[in-house]
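# A structural walkthrough
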Amino acid sequence: MKFNKKITNLLIILISTFALSACSTAKKSGTVGSDVYSGTDTVEYLASGVKDRVFFATNKSGLTTASRDTLRKQASWMRKNKKINVVLEGHGDERGTREYNLALAEKRANAARDYLLTYGISGKRISVISYGKEKPVNSASTPLSWSQNRRSVTVKTK
Amino acid sequence: MKKIFYILILFLFKFNTAYSLIEVDITRGNLDPLPIAVSPLHVDPQSDNYQDNKTKELGELISSVVEKNFRSTGLFNPLNKDAFVQKPDIAHLKPRFEDWRLITAQALVTGKLLLKDEKLKIEFRLWDVAANKEMIALAFTTTPSNWRRVAHIISDKIYERLTGESGYFDTRIIYVSETGPRTQRVKKLAIMDQDGENTKYLTLGNELVLTPRFNPTNQLVTYLSYFRNLPRVYLLDIETGIQEVVGNFPGMTFAPRFSPDGKKIIMSFAKNGNSDIYTMDLESRLVEKITEDSSIDTSPSYSPDGKYITFNSDRSGLQQIYTMKSDGSGVKRISFGDGLYGTPVWSPRGDLIAFTKVRRGKFYIGVMRSDGSGERLLTENFYQEAPSWSPNGRLLVFYRETKAGKNGQGFTAKLWSIDITGYNERELKTETDASDPSWSSLLSK
């Protein structure tokens, strides 16, 4: 059982073969256009016509036109109900690393917060929390489920 | 831990290590594992309760722990005990090497235990069967309840002698235990021996906990807790159970790790939609901002000399791996392959950085040199991330999640380890589902 340095060369070959085979077995699954959820299956309402959540694209924190519309309605509802404070809960899907998801979900909730601020809601009435990928609303491993989980949910605190 | 555990290493014999023939090349993977015979430890007749079955069993238990450790490396092939021809006590004195060669053993471990006055003394020898000689002889004295750790220490000594690398058996893994449905997952901090034994739960599951990491002396753990629904970095003393918040800034602190000297915690701090990297000196509580960028900067990890930091940032548009000096200067992107890169963690040897890569809907655990060259992907799966290094820098432990069906059926989260050669991928059995593993350093140095 004595080994010489030739083994090292063999090893390098083996490793590269492994790396190549690992690459070649990766299946192609390109993303299809926009992957922002636009349905209402998981949506709840803060008041009549006021949706409680907005959805995001994979790895993004930008607000869509539909999201802005939802947030404007939330802002006007908050203006009418001055005693109500909210917490914005940011979430990600299961297809990212945990720590990055925590940061990304925080960014998403803050994107929603910033929009509410521009519509005259005081920052004192809005707090933000990120749950990363920890609290999915849909636990299936499907693109639909992931799109429903990439969200910022506005929750009444009082 | 150290206080209750005294190891007395007695060098029973002067061991001659100069010209041994057995050598295990750890870079080879498991193509041709070394046949090793682990003879059960025999009980010294001078032991108290010498005839007691429990005492006899202890010898078998210790050797089976050693055997299991060897098998788990993929580098050794422990031979079936039924084939052993020599009695353990005789083999321990002087093996008949030709008999052991007959059953293809190339290395032989023999040992003896003495249980007297509430003290357990274990001695073992490693023999080179081909060269007809002894390679190591060591003895340990401890309390009987510590027999498992002695088995791991013996395993480390043999591994070190045969591979020339430091061992990793006398270590623990801290992780997050997971139970319940995905939408209401209960998470607790859990700790276990490297081989899955001695699981203990460190939190009750009342609040969400994530990403525990050991300090260099394995007494403290830093982690993220949602205590009172405020996500903050905490510190836990494993022995006393005392928890304290360390990253109590208005916002979220997360992704903590210790500096190599254990004096600082490096972590992300998120506020107003921006995550940057900070350090906190644990003694002075001085906080220093290390990165300043409008993008997400997270998952920081120090180089073992403490001079550099690797981290994850999406400043280029998507998640990539960067390095910088520990003061935040000299930021350099090092990942340039096709796909996203996350969770960089510097090897304890300093040469490699392990990472998670996401490419075309698949997740990979890989390693690259600290300048970004020589990227190698070790394993591909539906979802896996968060590698943590074994203390000798030869293995990575990480967690893997399976694809869930409707309502989450079929979802599991488990710990896996893999050799950095890409060989010997295996599941680390845990009592519950598990994630976010962190490997300790050697408990007895």
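The rules behind these values
- Residues numbered from 1 in each chain as written.
- Chains lettered and ligands numbered in written order.
- Predicted model: local features only at pLDDT ≥ 70, side-chain atom pairs only at ≥ 80, totals over all residues.
- Helix = DSSP H or I, 4+ residues; strand = E, 2+ residues; numbered from the N terminus.
- Buried ≥ 20, exposed ≤ 12 C-beta atoms within 10 Å, placed from the backbone.
- Pairing = 2+ DSSP bridges.
- Axes fitted to C-alpha atoms, helices over the stretch in contact; angles between N-to-C directions.
- pLDDT = per-residue confidence, 0-100.
- Contact = placed C-beta atoms within 7 Å.
- Parallel < 35°, antiparallel > 145°, perpendicular 65-115°, else oblique.
- Left-handed = near helix turned anticlockwise from the far one by under 90°.
- Nonpolar A, V, L, I, M, F, W, Y, C, P; charged D, E, K, R; others polar.

## Details of the overall build of chain A
Per the secondary structure count, chain A includes four helices and six strands. Each helix (α) and strand (β) of chain A, taken in turn from the N terminus, gives the series α-β-β-β-α-β-α-β-α-β. For chain A, with 158 residues in total, the buried portion stands at 44%.

## As for the sheet that holds strand β10 (residues 209–214) of chain B
All names here are of chain B. Read from one edge to the other, the open sheet built from four strands follows the order β10-β11-β12-β13, with strand pairing classed as antiparallel. Both outer strands of the open sheet, β10 and β13 (243–245), are each paired with one neighbouring strand and no more. Taken pair by pair, the neighbouring strands of this sheet meet at an average axis angle of 25°, ignoring direction. Summarising the sheet, strand β12 (residues 232–237) and β13 pair through three bridges and their orientation is antiparallel.

## Topic: the confidence of the model for chain B
On average, residues of chain B carry a pLDDT of 92, and 93% of them reach 70 or more. Throughout residues 1–20 of chain B the model reports pLDDT below 50, and contacts reaching past four residues in sequence, or to other chains, amount to 28 contacts.

## Here we look at the pairing of strand β16 (residues 274–281) of chain B
All names here are of chain B. Most of β16 sits out of view: six of its eight residues are buried. Of the strand pairs in this sheet, strand β15 (residues 264–271) and β16 are connected by eight bridges, and their pairing is antiparallel. Looking at the pairing, A270 lines up with S275 of β16. From the end of β15 to the start of β16, which pair antiparallel, there are two residues, and N272 there has a positive phi angle of about 50°. In this sheet, strand β17 (residues 287–289) lies alongside β16 in antiparallel orientation, the contact comprising three bridges. Note that in β17 the partner of Y278 across the bridge is K289.

## Looking at the environment of B:W346
Residues and elements named next belong to chain B. For W346, the position within the fold is in strand β22 (residues 340–346). C-beta crowding within 10 Å serves as the criterion here: with 25 such atoms nearby, W346 is assigned to the buried category. Along the chain, W346 and V367 lie 21 residues apart, while their C-alpha atoms are 9.6 Å from each other. Once you skip the residues sitting within four places of it in the chain, W346 turns out to touch S301, Y302, S303, P304, T310 and I353.

## Quick notes on the packing of helix α1 (residues 53–73) of chain B against helix α4 (residues 147–163) of chain B
All names here are of chain B. Packing of α1 against α4 brings their axes to within 9 Å, and their N-to-C directions diverge by 45°. The pairing of α1 with α4 is recorded here as oblique in orientation. Between α1 and α4 lies a crossing of right-handed hand. Across from L58, L61, I62, V65, V66, N69 and F70 in α1, the residues of α4 making contact are W147, R148, V150, A151, H152, I154 and S155. Looking at the contact of α1 with α4 residue by residue, the class counts come to ten nonpolar, three polar and one charged.

## So, the confidence of the model for chain A
Residue and element names in this part refer to chain A. Chain-level statistics for chain A give a pLDDT mean of 85 and a share of 78% at 70 or above. Within the model, pLDDT remains below 50 along residues 1–8, and this stretch shows eleven contacts once partners closer than five positions in the same chain are excluded. Confidence drops under pLDDT 50 across residues 10–33; counting only partners more than four residues distant or on other chains, this segment forms 24 contacts.

## What about the packing of helix α2 (residues 65–80) of chain A against helix α3 (residues 98–118) of chain A?
All names here are of chain A. Here α2 crosses α3 at 55°, and the two axes come no closer than 9 Å. In terms of orientation, α2 lies oblique with respect to α3. Considering only the axes of α2 and α3, their crossing is right-handed. Of the residues in α3, those in contact with R68, L71, Q74 and A75 of α2 are A112, Y115 and L116. Considering only residue class, the contact of α2 with α3 consists of five nonpolar, one polar and one charged.

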